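Take a look at the letters that make up each chain.
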Amino acid sequence: MKKLVKVVAAIIENEKNEILCALRSPDMSIPNMWEFPGGKVEKGEDAFSALIREIDEELQCKVETEGAIFNDNTHEYDTFIINLLSIKCRIIEGTPTASEHSKFIWLKRENSSSLKWAPADIPAVEQLMNEKNSLLK
C-alpha cells in the first residue's frame, strides 16, 4: 500500500494580484514542475501552523493565512499518495528566497496555465483561474 502524505501549499498573492509559483529543483521528486510552495504537515500540527512553519523554513519569510482551506485535493503518484491542502496567504515579513526550489516567479493567475504544474497542484490552479474569471463576469 502506498504511503499517504499530508502536504500544505501556500497560494501567496502580492499587491499586484500575482501568485508566487515555485519551480521544483531537478533533485526533488516530481522534478522541474511548478507548484505552490509548502511542505509536509508534521504529526500533531494543524494545516495552518504547518504552512506558516514551512514557508518560514523554505522561503525565509513570514506569512499570514486565511482561515480556510482554499483547495483540498488527493492525488495518487506512482510511489505515494498526496493529500494537498492549498491555503491562501500573504507575506507579512521578508522576501521569498529560493533555497529548495530552482526559482520563483510572480505570475498573474490568468497566465498560470502557461506553466507545467505538478499534477497534485492542478485543481488549485484551475480553481484560482475560475475564481478570477467569475470576478470578471
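J.: Run through the overall build of the protein chain, naming residues and quoting values.
T.: Broken down by element type, the protein chain carries two helices and eight strands. Here the protein chain has a C-alpha radius of gyration of 14 Å; the compact-globule value for 137 residues is 14 Å, and the two agree. Its C-alpha atoms put the protein chain at 45 × 30 × 30 Å along the principal axes. Within the protein chain, counting contacts between residues at least 6 apart in sequence, those at least 24 apart form 66% of the total. Total accessible area on the protein chain is roughly 7,500 Å²; 50% of this is exposed by carbon and sulfur atoms. The centroid of the 17 positive side-chain charges in the protein chain is displaced by 3 Å from the centroid of its 23 negative side-chain charges.

J.: Give a description of the pattern of salt bridges that names residues and reports values.
T.: Here the structure, examined in full by the defined rule, presents 11 salt bridges. A salt bridge links Glu13 to Arg109; its shortest N-O distance comes to 2.9 Å. Here Glu13 is found in the loop between strand S1 (3-12) and strand S2 (18-23), whereas its partner Arg109 is found in the loop between strand S8 (103-108) and helix H2 (122-136), with 96 residues between them in sequence. For Glu13, a relative accessible area of 23% translates into the label partly exposed. By relative accessible area, Arg109 is classed as buried at 5%. Where Glu54 meets Arg53, a salt bridge forms, and the shortest distance between an N and an O atom there is 3.2 Å. A single network of salt bridges, built from pairs that share partners, joins Glu42, Glu45, Arg53, Glu54 and Glu57.

J.: With reference to specific residues and values, describe unusual backbone geometry.
T.: Its identity is not glycine, yet Ile30 carries a phi of approximately 50°, on the positive side. Position of Ile30 among the secondary structure elements: in the loop between S2 and strand S3 (34-35). Residues other than glycine seldom take positive phi values, yet Gln60 does so here, at roughly 55°.

J.: An account of the environment of Trp117 is requested, with residue identities and associated values reported.
T.: Topologically, Trp117 is positioned in the loop between S8 and H2. Overall, Trp117 belongs to the buried group, its relative accessible area being 6%. Sequence separation between Trp117 and Ile30 is 87 residues; the distance between their C-alpha atoms is 9.8 Å.

Rules behind the numbers
- Residues numbered from 1 in each chain as written.
- Predicted model: local features only at pLDDT ≥ 70, side-chain atom pairs only at ≥ 80, totals over all residues.
- Heavy atoms only, no water.
- Helix = DSSP H or I, 4+ residues; strand = E, 2+ residues; numbered from the N terminus.
- Rg over C-alpha atoms; globule rule 2.2 N^0.38 Å.
- Contact = heavy atoms within 4.5 Å.
- Areas by Shrake-Rupley, 256 points an atom, 1.4 Å probe, with all protein chains shown as cover.
- Lys, Arg positive; Asp, Glu negative; His and termini not counted.
- Charge placed at Lys NZ, Arg CZ, Asp CG, Glu CD.
- Salt bridge = Lys/Arg side-chain N within 4 Å of Asp/Glu carboxyl O.
- Buried < 20%, exposed > 50% of the residue type's maximum accessible area, 1.4 Å probe, protein only.

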